[in-house]
Amino acid sequence: EAGVTQFPSHSVIEKGQTVTLRCDPISGHDNLYWYRRVMGKEIKFLLHFVKESKQDESGMPNNRFLAERTGGTYSTLKVQPAELEDSGVYFCASSQRITGWRETQYFGPGTRLLVL
Amino acid sequence: DQQVKQNSPSLSVQEGRISILNCDYTNSMFDYFLWYKKYPAEGPTFLISISSIKDKNEDGRFTVFLNKSAKHLSLHIVPSQPGDSAVYFCAASRGNTPLVFGKGTRLSVIA
């Protein structure tokens, strides 16, 4: 069974540009999460989808970040326009059931974003 | 303000000895705690968890201890192996709220 995949693995962009990150969860997983880790700091929750619906987006830093999950399959996270402080590793995770946080979350390898 | 703290950024242990990784939390409402392990260029991998109704959970070489009164949990790895060298993240949650992670502790197991 394929794990969580993320694309691209790395992205280097200039301040003010737009970047779109993609996450493909494990097939059949209803829950999809986005996290971010700024270098040396903790992994921080950004948002949670249940199928195509946003369940919790309390961790989204500001309105420059837009997440979608069309059809309840893959998800995209767009940053527009990117700022220097958006640099970090963006992780996606998925889990199987709808009931929430007790299910094991499986993480993807992350996208390393560097904004210059 | 950080709710989950891992105060040791790094730890070195000899192969075969015990590794003890520590984690403190401030939110007494947390009721579920997890440890994740992360290798370079990979995502975190779930290792072991514990509910607040327990004080110990064991899985092979890995044991997690929870001290609710001290708001402290620890991960014991015994015996430590070179393949255990990784960054270990402590995480906590309350009900259905999002996971809160610590900054991680880098474990190096020396052969």
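A. The state of the cysteines, seen in detail. All names here are of chain A. Following the criterion strictly, the structure yields two disulfides over all chains and no others. The disulfide bridge from Cys 23 ends at Cys 92, spanning 1.8 Å between sulfur atoms. Between Cys 23 and Cys 92 the disulfide shows an S-S torsion of about -60 degrees. By sign, it is left-handed. Note that Cys 23 is positioned in strand β3 (residues 19-24) and Cys 92 in strand β9 (residues 88-95), a separation of 69 residues in sequence. We classify Cys 23 as buried; its relative accessible area is 0%. On the basis of relative accessibility, which here comes to 0%, the residue Cys 92 falls in the buried class.

B. Representation of the side chain of His76(B) in the model. Within the secondary structure, His76(B) sits in strand β8 (residues 72-77). At 3.4 Å, the side chain of His76(B) and the side chain of Ser74(B) are in polar contact.

C. Just unusual backbone geometry, in detail. For the bond from Phe7(A) to Pro8(A), the omega torsion is -5 degrees, close enough to zero to count as cis. Tracing the backbone through its elements, the reader meets Pro8(A) in the loop between β1 (5-7) and β2 (10-13). For the bond from Val78(B) to Pro79(B), the omega torsion is -5 degrees, close enough to zero to count as cis. Residue placement: Pro79(B) occurs in the loop between β8 and β9 (86-93). The phi dihedral of Lys51(A) is positive, around 55 degrees, even though this residue is not glycine. Along the chain, the position of Lys51(A) falls in the loop between β5 (43-50) and β6 (53-56). Of note, the phi angle at Ala41(B) is positive, near 65 degrees, even though the residue is not glycine. Residue placement: Ala41(B) occurs in the loop between β4 (32-38) and β5 (45-51). On the basis of relative accessibility, which here comes to 56%, the residue Ala41(B) falls in the exposed class.

Conventions we followed
- Residues numbered from 1 in each chain as written.
- Chains lettered and ligands numbered in written order.
- Predicted model: local features only at pLDDT ≥ 70, side-chain atom pairs only at ≥ 80, totals over all residues.
- Heavy atoms only, no water.
- Disulfide = S-S within 2.5 Å.
- Helix = DSSP H or I, 4+ residues; strand = E, 2+ residues; numbered from the N terminus.
- Buried < 20%, exposed > 50% of the residue type's maximum accessible area, 1.4 Å probe, protein only.
- Polar contact = N/O pair within 3.5 Å; in protein donor to acceptor, adjacent residues only side chain to side chain.

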